[in-house]
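What follows is the residue order along each chain.
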Amino acid sequence: MHDPDTRAGGYPFVSGRWHVIDEIDLVGLVADHAAAERLCARLEACADQLPQRPAPAEIGDLCAALQSSIVDHVESEDRFLATMFAHDLRDPLCHALLDHIHTRHVACTVLAQDLIASLDATAPGHRTICAEALGYMLRCFFDGCRAAMAFEELAIVVLAGTRLTREARALLTGRLAAA
């Protein structure tokens, strides 16, 4: 058995090889993905209402959520995955999948930062854009974010293999089936 702590950015962390991956090990990641999915749904609703832009209060909430759910979250998630699969990094598949996940995280971060700059008139680098361009940016973000989360969850299923408990596998496959 292992004793997780939270040194890996708020997610459970185990020193040494992570022999068994249980549901409790993935709860933080899945909760963060669920929060990001709720944010994507809010942004999709904004895109559907264009050319009417969100109210200033909604813009503030959306920008804060983009910052906390995406921009601030990516680094801790990358550390969590690197820790979980640290002993597997010599496997080319593991290395390639984690690199691909990191690349998707960077893309989501850049898209989130661009949205913040486009939505928030007080944000550094703010630029006013037309409704069509904002709609395109919103759709690129929520489609990309959803694809990144699904890819990451699928990669964990593949990389963890038989180390996933039945409950952990059910948690991930439930998220994937709902996507």
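Here is what the cut-offs are and how they apply
Residues numbered from 1 in each chain as written. Predicted model: local features only at pLDDT ≥ 70, side-chain atom pairs only at ≥ 80, totals over all residues. Heavy atoms only, no water. Axes fitted to C-alpha atoms, helices over the stretch in contact; angles between N-to-C directions. Helix = DSSP H or I, 4+ residues; strand = E, 2+ residues; numbered from the N terminus. Parallel < 35°, antiparallel > 145°, perpendicular 65-115°, else oblique. Left-handed = near helix turned anticlockwise from the far one by under 90°. Nonpolar A, V, L, I, M, F, W, Y, C, P; charged D, E, K, R; others polar. Core = buried A, V, L, I, M, F, W, Y, C linked by side-chain atoms within 4.5 Å. Buried < 20%, exposed > 50% of the residue type's maximum accessible area, 1.4 Å probe, protein only. Contact = heavy atoms within 4.5 Å. Patch = residues over 30% accessible without salt bridge, like charges linked within 9 Å, V, L, I, M, F, W, Y side chains within 5 Å. Areas by Shrake-Rupley, 256 points an atom, 1.4 Å probe, with all protein chains shown as cover. Salt bridge = Lys/Arg side-chain N within 4 Å of Asp/Glu carboxyl O. Expected span 1.5 Å × (residues − 1). Arc of directions from axis to C-beta. pLDDT = per-residue confidence, 0-100.

*Asks:* In this structure, what is going on with the packing of helix H4 (residues 92–119) against helix H5 (residues 131–160)? I would like to understand it.
*Replies:* Contact pair H4 / H5: the axes reach a minimum separation of 9 Å and the direction vectors enclose 155°. Comparing the axis directions of H4 and H5 gives the class roughly antiparallel. Relative to H5, the crossing made by H4 is left-handed. Split into classes, the residues belonging to the contact of H4 with H5 amount to 22 nonpolar, 4 polar and 3 charged.

*Asks:* How should I be thinking about the nonpolar core in this particular structure?
*Replies:* Core analysis: the biggest nonpolar cluster contains 30 residues, and Leu43, Leu66, Ile70, Leu115, Leu138, Phe141 and Cys145 have the highest contact counts within it. Of all the elements, H5 adds the most residues to this core, at 9 residues. Among residues more than four places away in sequence, those in contact with leucine 115 are Leu43, Leu66, Leu134, Met137, Leu138 and Phe141. Counting residues in hydrophobic clusters, the runner-up holds 20 residues, among them Leu29, Ala155, Val157 and Leu159.

*Asks:* Any chance you could explain the side chain of serine 76 here in plain terms?
*Replies:* Of note, serine 76 is situated in helix H3 (residues 74–84). According to the relative accessible area criterion, serine 76 is buried, its value standing at 10%.

*Asks:* Would you mind going over the packing of helix H1 (residues 23–48) against helix H6 (residues 166–178) with me for this structure?
*Replies:* The geometry of a pair of packed helices is captured by two quantities: the angle between their axes and the separation between those axes. For the pair H1 and H6, the least separation of the axes is 9 Å and the interaxial angle reads 10°. Judged on the interaxial angle alone, H6 and H1 are roughly parallel. The chirality of how H1 crosses H6 is left-handed. Contacts between H1 and H6 involve Glu23, Leu26, Val27, Val30, His33, Ala34 and Glu37 from the first element and Glu167, Ala168, Leu171, Leu172 and Arg175 from the second. Among the residues forming the contact of H1 with H6, the class breakdown is 7 nonpolar, 1 polar and 4 charged.

*Asks:* Honestly, a nonpolar patch on the surface in this entry has me stumped. Any pointers?
*Replies:* Taken together, Leu93, Leu154 and Val158 make up a surface patch of nonpolar side chains, about 260 Å² in accessible area. On the secondary structure map, leucine 93 appears in helix H4.

*Asks:* Which parts of the structure should I look at to understand the pattern of salt bridges?
*Replies:* Any two side chains of opposite charge can pair, so long as their charged atoms come close to each other. Applying the stated criterion to the full structure yields 7 salt bridges. A salt bridge links arginine 163 to aspartate 88; the shortest N-O distance between them is 2.9 Å. Residue arginine 163 is found in the loop between H5 and H6, and its partner aspartate 88 is found in the loop between H3 and H4; the two are separated by 75 residues along the sequence. The exposure classification of arginine 163 matches that of aspartate 88, with both residues buried.

*Asks:* I tried to follow H6 on my own but got confused; where do I start?
*Replies:* Its 13 residues place the ends of H6 18 Å apart at the C-alpha level, agreeing with the 18 Å of an ideal helix rising 1.5 Å per residue. Of all the positions in H6, only Ala168, Leu172 and Arg175 are classed as buried. All buried residues of H6 lie within an arc of 60° about the axis, which places them on one face of the element. Facing away from the buried side of H6 by more than 90 degrees, the exposed set consists of Arg166, Ala177 and Ala178. Residues of H6 that are buried in the fold lie against H1 and H5.

*Asks:* It is not clear to me how the confidence of the model for the chain should be interpreted in this structure. Could you clarify?
*Replies:* Low-confidence regions, as indicated by low pLDDT, have predicted coordinates that should not be scrutinised in detail. Chain-level pLDDT for the chain is 88 on average; 90% of the residues reach the 70-or-more range. Confidence drops under pLDDT 50 across residues 1–9; counting only partners more than four residues distant or on other chains, this segment forms 21 contacts.

*Asks:* Looking at this structure, how should I read the environment of aspartate 88?
*Replies:* With a relative accessible area of 17%, aspartate 88 lands in the buried category. Along the chain, aspartate 88 and leucine 159 lie 71 residues apart, while their C-alpha atoms are 8.4 Å from each other.

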